[in-house]
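# Overview (structure and organization)
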Amino acid sequence: MNYKLINLNIFGDNRGKLAVVEGNKDIPFEIKRVYWIFDTLPDQERGKHAHRDLEQIIVAMDGACQFVLDDGIKRETVWLNRPDTGLYIGKNMWREMRHFSYGCKLMILASRHYDEKEYIRDYDEFIKIINEK
Ligand code: TYD
């Protein structure tokens, strides 16, 4: 499975905590794009796609949600619910996000600029591509 949970570097003192991520140092890619998901609703699901050529780190800045991760053979679930933990998702992994806590905020660091052409949005096509590899 091409994903892992990463403990982020945290600096804490009596003022609070600070987390930091440096591209190619704390994570295995240069950061080309940052986006965030907010105003989430508990009954909505997102994702339902894979990327041919994109790596990401996802951090739940506030609240929680569940990720379903699928490499075409196995399907696993991971809860993301801490701002000190990053979920790394590599290439060719199907992901779904669900069970958002109300107003959950996700920040995503991505290895590439947005390119709809490298998305795989159909699960049957994803399985076909995996099996061709
Ligand atoms: P979508 O892929 O459906 O989001 P999620 O992964 O959370 O399910 O993206 C929602 C819309 O935003 C879609 O029209 C594509 C657009 N979008 C961009 O234009 N640039 C981006 O960097 C991203 C991530 C999405």
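Higher on the page you've got the structure.
The shown structure was predicted, so the numbers you read here are calculated from the model rather than taken from an experiment.

### Things to note about the overall build of the protein
For the protein, the helix and strand inventory stands at 1 helix and 12 strands. Listed by position from the N terminus, the elements making up the protein come as β-β-β-β-β-β-β-β-β-β-β-β-α. Computed over the C-alpha atoms, the radius of gyration of the protein is 15 Å, within 12% of the 14 Å expected from 2.2 N^0.38 for a compact globule of 133 residues. Taking the principal axes of its C-alpha atoms as reference, the protein extends roughly 55 × 35 × 25 Å.

### What to know about the side chain of T40
Residue position: T40 is located in the loop between strand 4 (33-37) and strand 5 (46-51). The buried category is assigned to T40, whose relative accessible area is 6%. Of note is the side chain of T40, whose polar atom sits 3.4 Å from the backbone oxygen of S101.

### Looking at the site of the ligand
Surrounding the ligand, one finds R33, Y35, I37, R46, G47, H49, M97, Y114, Y119 and R121. Here R46 contributes a side-chain N or O atom positioned 2.7 Å from an oxygen atom of the ligand. Between G47 and the ligand, the recorded distance is 2.7 Å, taken from a backbone N or O atom to an oxygen atom. Relative to its unbound accessible area of 540 Å², the ligand is 60% covered by the protein chains.

### Some remarks on the pattern of salt bridges
Under the counting rule described, the total for this entry stands at 14 salt bridges. The salt bridge involving D13 is made with R15; its shortest N-O contact spans 2.6 Å. One salt bridge connects E96 with R75, and the closest N-O pair in it is separated by 3.6 Å. Within this pair, whereas E96 is found in strand 10 (residues 94-98), its partner R75 is found in strand 8 (residues 75-80), the two being separated by 21 residues in sequence. Residues joined in a network through salt bridges with shared partners are D53, K91, R112, D115 and K117.

### Notes on the environment of T77
By the element assignment, T77 lies in strand 8. C-alpha of T77 to C-alpha of F67: the two residues are 10 residues apart in sequence and 5.5 Å apart in space. Not counting chain neighbours up to four residues away, the residues in contact with T77 comprise Q66, F67, V68 and R98.

Rules used throughout
- Residues numbered from 1 in each chain as written.
- Predicted model: local features only at pLDDT ≥ 70, side-chain atom pairs only at ≥ 80, totals over all residues.
- Heavy atoms only, no water.
- Helix = DSSP H or I, 4+ residues; strand = E, 2+ residues; numbered from the N terminus.
- Rg over C-alpha atoms; globule rule 2.2 N^0.38 Å.
- Buried < 20%, exposed > 50% of the residue type's maximum accessible area, 1.4 Å probe, protein only.
- Polar contact = N/O pair within 3.5 Å; in protein donor to acceptor, adjacent residues only side chain to side chain.
- Near = heavy atom within 4 Å.
- Areas by Shrake-Rupley, 256 points an atom, 1.4 Å probe, with all protein chains shown as cover.
- Salt bridge = Lys/Arg side-chain N within 4 Å of Asp/Glu carboxyl O.
- Contact = heavy atoms within 4.5 Å.

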